[in-house]
Structures are given as C-alpha cells and as structure tokens.
Amino acid sequence: MDSEFVQDKEIIVASNRGPVVFKRDEKGKIELIRGAGGIVGSMIPFLKKTHGKWVSSAIGECDHYMNNRYNGKVPISLEDPEYYVQFVKTEEDVYNRFNGKFANPLLWFIHHSMWNPPYSPCADDELHQAWDSYQHVNSMFAEAIGEDVHKSEKTPIVMLQDYHIYLTPKLIREQHPDVLMSQFVHIPFPSPEIFQQLPNHMQTEILESVLTNNVLGFHIKRYMKNFLRTVEQILPTASVDEISGDILYEGHVCHVRTYPISIDIETLQKQGQDPNVISKQAEVDEIIGDCKLIYRTDRADLSKNIIRGFQAYDMFLERYPEWREKVKFVATLMPSRQDIKIYREYTDNIRDIVKKINEKYATPNWEPIKYICRGDYDLVVALLKRYDVLMVNPILDGMNIVAKEGSVLNENNGALVLSTGAGCYEELKDGAICINPYDLRQTAESLEMALLMDDESKTQLLREARAAIVRNDLNKWVSDQLRDIEMVMYEKQELKLKDHEEAVRMN
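These numbers were taken from a predicted model, which means no experiment stands behind them. (Residues numbered from 1 in each chain as written. Predicted model: local features only at pLDDT ≥ 70, side-chain atom pairs only at ≥ 80, totals over all residues. Heavy atoms only, no water.)

Peer 1: Looking at this structure, how should I read the side chain of S182?
Peer 2: Relative to the helices and strands, S182 resides in strand β8 (residues 180–184). Given the relative accessible area of 3%, S182 is considered buried. (Helix = DSSP H or I, 4+ residues; strand = E, 2+ residues; numbered from the N terminus. Buried < 20%, exposed > 50% of the residue type's maximum accessible area, 1.4 Å probe, protein only.)

What follows is the structure in structure tokens.
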C-alpha cells in the first residue's frame, strides 16, 4: 500500500454488511461482535492503517443506538479507535425487501447463474416493490456517504463494496461530480444472457450507475469480460475497449480492472499460533482420532455445493470400502440467510444427507461425518492446520478465501481438492487436484488420489499454491486498486490544467 498517497486522503468504505455489529449480552450490556464474511476480513486491515470510515446497514436496534450515541461516527474499538463505523438505519420492512427479496434472492442468484429459467425469476409486483426498496436503501447510503464527502477536510476516496449498493455511485456522482470513487464486486459477474433475466429498466439503471465509478473491480478476467460484453449489449452507446477495460459512457470513463482478492498472510500465520487455536488442537485430535482428515468449512450457501460434496464422499466410501474407519469428514458449516425459504430448506437437506451417510456407514467406534454448526474461528484454523484433504468444490463463487487460508495454514502436507468453478481456480490450479463441481465420480476419485498421494507430490502442490498466494496477497489487492485510483486523480489534474491553459489561450 502506498502510504504516502493515502496520507492526505479520507477513506470511506461502504457495504451492506459491516465490520461489526452490536448486541446485548445476557446482562443487557452492549457488546461488539466482529462481522462475518470475506469483505470484512479483506478491508479491516486497510481501514486500520488509514483510520478510515465504514458505512454499513444497521442490523438491529443496538447498531442504531450506537450510531446515535456517537453521532454517526462509532469508534472501533470504543476505547482505542483504529477506524470508525456509520450505520445506515432503514425500516425493517423496507430492509427486508431490499435484502431478503431483491439483493440476495434475485441479484445474488443471477450473478451465480443459479436461476431455473423455465420457472424463475418472475418479475411480478412483489419483485418490483422490492426494487423500490432497493432504490430507497441505495439512496440512503448515497446520502450518508455524500455527507461524509461534503464534510471531509481531506481528499475523500469512496470505496464501495459489492452488489447491494449498485445504485449508490450514480447518486453520489450527481451530488459530487469530482469525487474519486471505486467499486469492487465480490461475486461472479454473469454472461449478458443471464444478466438480462432482470427487467430491462433494472439492467440499464444498474449498469449506468456502476459506470459512474472511476474504477470498477472484479476478481478475475472471466467476470470482467462478462461485464464488458453485458455493457456492449445493453448500453449500445457505450464505447468499450476490451483490451484496456476502459468504458466511455456519457462523457465519463470507467476503468474496469481485475484484482484477485487474497489474505493477510502474516496475520493469518500469527492466528495459527494463537494460544486459543493451540488449545483447540486437542479437540481436533479427539474428533479425528487415528483417521485421515477430509475437511471443509463454508457458509451453508447454495453456491458452495455442499450436498454434492457429501454425495461424492458417500460414493468414495462405497467404491473404496478399505477407507472406512480410516478417514473422517469434518465439516464446519454456518447457516446462511435463514430468512429465505430456499436457504432454510438447503440447510435441512444438508443435515439430512449427513444423517443418512452416518447411518449407512457408522460403526460403534467410527462416525463418517462430524458436522459442526457453530461459529468457532479458532477451531476452523486448527482444522485447517491439520487436514489431509481440503475440499473446496463450489459451483461458482467470487474467489473462495478458504482455499488460500488452508494452503497457507496447513502443517500436515495436506492436499487441496479444488473446483474449476472457484474464483481462485485460475490462481491455484497448479497447486491443487482440480475437479468439475458437478461430477461426483471425479470428486470421489480425487479424494482417494489426495489421500494416496506421496509426500513429495503433496509438498510440490502446496509450494505452488503458496507461491501464487504470495504473488497476490491482500496488500497487493488493496495497493493495485489505490494505484489505479491515484492514476485517475492525476488524469483529472492534468485535464483541469489543460482546460485552464486552453481558457487562458482563448482569452
């Protein structure tokens, strides 16, 4: 990160889900809980270094209370502030339509190409009402960020995160034409044919808004190319340079780039040696016993392909019975979006298949699958250090940080079984056993291959994976974005200088 460039800048990060939430404990005292998700882990180190501000949705009344108490600038931590949070409060029914009806069930599914076109999505009245709420929440984000831009005594840089706030940049740009603004999309971007499942005016408004950013980032080239093709089809007056990624639309240039997100290697390695993690290793030993460990950790998200992973393990135990009682599959899974019916059903189906496999193969001294459904990051780290095989088999995802964390933390010469649908596949394919996420037989065979692989081959895979991660670490992810924002700033300065010189010449 160029510390000199950010020295006189005001960093304003914004996303739907924030870095912290506040809740009351059993005694009624308000406590701070770190937010979940890859965005939080990726942006917090940067915000700490710059003492910036994070604008996010208020999840409950405690967030709203803290926001009022600190006048929209909640220090984190309260005793020794490293950065600040501002919560955007919306009425519960509006937020539920924005997030639970539009952003997650519709936009998220479209981006992951997971709708079933003969039946869904259907743009009925309920969907259009949800769009109204999406617009409203985006306007509230724009208002909150705009106030920060207006009050800033430094040069503000607005860094928007993800798909929940696609409409925010245009609203900010209308009030602050010269503000430096970027947006990073943390999920895949679909092909034009899939994106066009949205009603026409929604397609247009989303694309027109995100193009008002100075810099627009995606994880990998495939997602960037999908976006460029989508703009060409839906906004025919846009001038798209597919080589550079620059898009000229209505007099404004948006620089579209790729920045593969990564991990803070040093912080992660320190976490691996934390006393709390070390203490969890005894629990891990008790769970595994003398067995080889196949491990996965995920949110129980439809895109993570968890059920096919267990089906492949079922096939593995069926085809290779010699591994029964010699291997254990441990899965630490967190329920996701349980306010949405299809996610609740998916979580129930996960429990059902785990129960079915355990009943099918269990012996008095052996349980084939240990399913852990609780938030325990220290346990996750201990398991990542210990696995023999790490299964990462998403249908499609933005990047998948787990594959990178496991490759850095593992101390057991473990092998990574990696889906070609993972965003990190392009970076880690030379350090993994790669699978088609839909192919159960190939996945089952890959599990056996990973378990039988000799130490030298596994060491080489780990070496390749770690080298790729070091080349693109978290610091580079942030630095590359700031470099391109800095380039835009100098372009603007040069343009103003030329305009001034031209005005002087004409006079």
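Peer 1: What's the story with the pattern of salt bridges in this structure? I'm lost.
Peer 2: Opposite charge on two side chains allows them to pair when their charged atoms are near. Under the defined criterion, the tally for this structure stands at 31 salt bridges. The partner of D8 in a salt bridge is K9, and the shortest N-O contact between them spans 2.6 Å. By relative accessible area, which is 43% here, D8 ends up partly exposed. With relative accessibility at 6%, the residue K9 sits in the buried group. A salt bridge links K476 to D480; the shortest N-O distance between them is 2.7 Å. You can see K476 and its partner D480 sitting in helix α19 (residues 474–506), four residues apart, about one turn around the helix. Judged by its relative accessible area of 32%, K476 falls in the partly exposed class. Each of the salt bridges in this network shares a partner with another, and the network as a whole consists of K280, E283, R374 and D376. (Salt bridge = Lys/Arg side-chain N within 4 Å of Asp/Glu carboxyl O.)

Peer 1: Is there a simple way to explain the nonpolar core in this structure?
Peer 2: A general tendency of soluble globular proteins is for nonpolar side chains to be buried together. F102, F227, F310, Y313 and F316 are the most contacted members of the largest nonpolar core, which has 169 residues in total. What F227 contacts, discounting residues up to four positions off in sequence, is F189, L207, V210, L211, L216, F218, I247 and V256. (Core = buried A, V, L, I, M, F, W, Y, C linked by side-chain atoms within 4.5 Å. Contact = heavy atoms within 4.5 Å.)

Peer 1: Got a minute to help me understand the packing of aromatic side chains in this structure?
Peer 2: Any aromatic ring pair is given by two values, namely how distant the centres are and how the planes are angled relative to each other. Counted according to the given criterion, the structure contains 21 aromatic pairs. A ring pair is formed by F189 and F218, whose centres lie 5.8 Å apart and whose planes are at 75°; its orientation type is edge-to-face. Residue F189 is located in the loop between β8 and α7 (192–195), and its partner F218 is located in strand β9 (residues 215–218); the two are separated by 29 residues in the primary sequence. With respect to burial, F189 and F218 carry one shared label: buried. Looking at K73, its charged tip hangs above the ring of Y84, at a distance of 4.7 Å from the centre. (Phe/Tyr/Trp six-rings, centres within 6.5 Å; stacked < 30°, edge-to-face > 60°. Lys NZ or Arg CZ within 6 Å of the ring centre and 35° of its normal.)

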